[in-house]
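# Report on the structure
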Amino acid sequence: MSTDREIERAASIIKESKAIVSLTGAGISTSAGIPDFRSPEEGLWQKDPSKMMLFTDVGFAADPKGFYEFGKELLPSFQGARPTLAHRFLARLEREGFGLGCVITQNIDGLHQRAGSKNVIEMHGGLSTGRCTGRTCSKEFTLEDILQKVEEELPPLCPQCRAVIRPNIVLFGEALPEEAYQRALESLKDCDLLLVMGSSLVVYPVADMPEVAMGNGAKLIIINLQPTQYNGRADVVINSSLDEAARKLVKALGTTL
Ligand code: CNA
């Protein structure tokens, strides 16, 4: 549980910081109904580790039908999701002059943008678009196109070249989008506070980002239910649900949601 002392300390660091970057993970969207990967019991990999393979570059290429069958099960949770208090908290920190410059997210759900955050760097792509995997075909698709095709056949195929369509997300084993990665590194170079929210900090290279920020002199605040490898080095660790922490931080900062 987060103590009032940790909240007060985090609020005072936020107030005195001039250039804040937030790094978010799947934990910020669990209260919106989207399961994460590694939470005990509810995490997708904890429930069924065999599904992890489908989200690798090799696994997708070998079994795109299996990927989409599992994707169809997960999709309603993404479609029904609304931004959480914690998403709205970050949008407010950006809008209200608290010095939040950008949100670096590992999430693919688009909830930061829907909460009103303007400067969002998606490290693992997003679900809202897709593309043909054909070598010479570069056709792009909206999520609506893909959903329509998924109803017709699995896996969905490109109408132009009949190759498999894939969502524009980064699968395990693939490189991060270079432009997003460079932008993220730039923002970490200049920040004086990294605020990590809802990430196990085990997926590299994003898991190196606290190291990069601290190496540049930034403070580190972690809000997460489970411990991370950086807890011992963070300035403040708030071990509570993100929505509860956001509610208390908003009060301590003297703002509203
Ligand atoms: P993860 O490894 O599943 O870790 C999530 C962390 O959040 C865990 O340590 C939990 O303890 C913590 N957590 C869960 N719920 C809460 C809560 N309510 N309050 C506070 N802490 C909470 O997820 P990461 O993001 O670290 O791993 C990166 C993966 C997850 C990326 O490749 C993502 O694309 C992928 N992912 C994204 C989504 C999404 O877009 N919403 C969903 C599932 C997985």
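Anything mentioned here points back to the structure above.
Reference entry: report on the structure contained in this document. (Residues numbered from 1 in each chain as written. Predicted model: local features only at pLDDT ≥ 70, side-chain atom pairs only at ≥ 80, totals over all residues. Heavy atoms only, no water.)

Taken together, the neighbourhood of the ligand is formed by 28 residues, with F37, R38, D109, S199 and S200 sitting nearest. Between the ligand and Q106, the relevant distance is 2.8 Å, taken from an oxygen atom to a main-chain nitrogen or oxygen of the residue. At a separation of 2.8 Å, an oxygen atom of the ligand approaches a polar backbone atom of I108. Of the residues assigned to the shell around the ligand, the class counts are 10 nonpolar, 15 polar and three charged. When we break the shell around the ligand down by domain, the ones giving at least three residues each are domain 1 (1-34 + 83-124 + 176-257) and domain 2 (35-80 + 127-169). (Near = heavy atom within 4 Å. Polar contact = N/O pair within 3.5 Å; in protein donor to acceptor, adjacent residues only side chain to side chain. Nonpolar A, V, L, I, M, F, W, Y, C, P; charged D, E, K, R; others polar. Domains from an automatic or database assignment.)

To continue, consider the sheet that holds strand β9 (residues 236-238). Taken together, the six strands give an open sheet; going across it, the order is β3-β2-β1-β7-β8-β9, and neighbouring strands pair in parallel fashion. The open sheet has two free edges, formed respectively by β3 (120-122) and β9, since each of these has just one partner strand. In this sheet, adjacent strand axes meet at a mean angle of 15° when their direction is disregarded. Direction of pairing for strand β2 (residues 100-105) relative to β3: parallel, over a ladder of three bridges. Bridge pairing in β3 links I104 to I121. Contacts from helix α5 (residues 85-95) reach β1 (20-24), β2 and β7 (193-197) within the one sheet, and its direction differs from that of β7 by about 160°. Lying over the sheet, helix α8 (residues 178-190) contacts β1, β2, β3 and β7, oriented at roughly 130° with respect to β3. (Pairing = 2+ DSSP bridges. Helix = DSSP H or I, 4+ residues; strand = E, 2+ residues; numbered from the N terminus. Axes fitted to C-alpha atoms, helices over the stretch in contact; angles between N-to-C directions. Contact = heavy atoms within 4.5 Å.)

The end-to-end C-alpha separation of helix α10 (residues 242-253) is 16 Å, in line with the 16 Å expected for 12 residues at 1.5 Å each. For α10, a buried count of nine out of 12 residues is recorded, marking the element as mostly surrounded by other parts of the structure. Buried residues along α10 sit in contact with α1 (4-16), α5, β7, β8 (219-223) and β9. Two residues or fewer past α10, G254 is found with a positive phi of approximately 75°. (Expected span 1.5 Å × (residues − 1). Buried < 20%, exposed > 50% of the residue type's maximum accessible area, 1.4 Å probe, protein only.)

Among the structural elements, Q46 can be located in helix α2 (residues 44-47). The class for Q46 is partly exposed, based on a relative accessible area of 44%. Separated by 145 residues in the primary sequence, Q46 and C191 place their C-alpha atoms 34 Å from one another. For Q46, the residues in contact, after removing those within four places along its chain, are F37, R38, S39, P40 and E41. Looking at Q46, its side chain comes within polar contact range of the main-chain oxygen of R38, at 3.4 Å.

What follows covers the layout of surface pockets. The volume enclosed by the second largest pocket comes to roughly 210 Å³. Forming the boundary of the second largest pocket are L75, F78, Q79, I108, D109, G110, R114, E122, G126, L127, S128 and L143. Secondary-structure elements contributing two or more residues to the lining of the second largest pocket are α4 (64-79) and β4 (125-132). Residue composition of the lining of the second largest pocket, grouped by class: five nonpolar, four polar and three charged. Summarising the domain contributions, the lining of the second largest pocket has at least three residues from each of domain 1 (1-34 + 83-124 + 176-257) and domain 2 (35-80 + 127-169). (1 Å grid on protein atoms, 1.4 Å probe; cavity = no way out; pocket = protein on both sides within 12 Å on 5 of 7 lines; lining within 4 Å. Points joined across faces, edges and corners; volume = space filled by probe spheres on them.)

The amide bond that connects L154 to the next residue, P155, takes the cis arrangement and shows omega of -5°. Residue position: P155 is located in the loop between α7 (143-152) and β6 (165-169). In this model, Y204 is joined to P205 through a cis peptide bond whose omega is 5°. Positive phi is not limited to glycine here, since E41 has a value of about 75°.

As a further point, take the side chain of S17. Within the secondary structure, S17 is located in the loop between α1 and β1. For S17, the residues in contact, after removing those within four places along its chain, are F98, D192 and L193.

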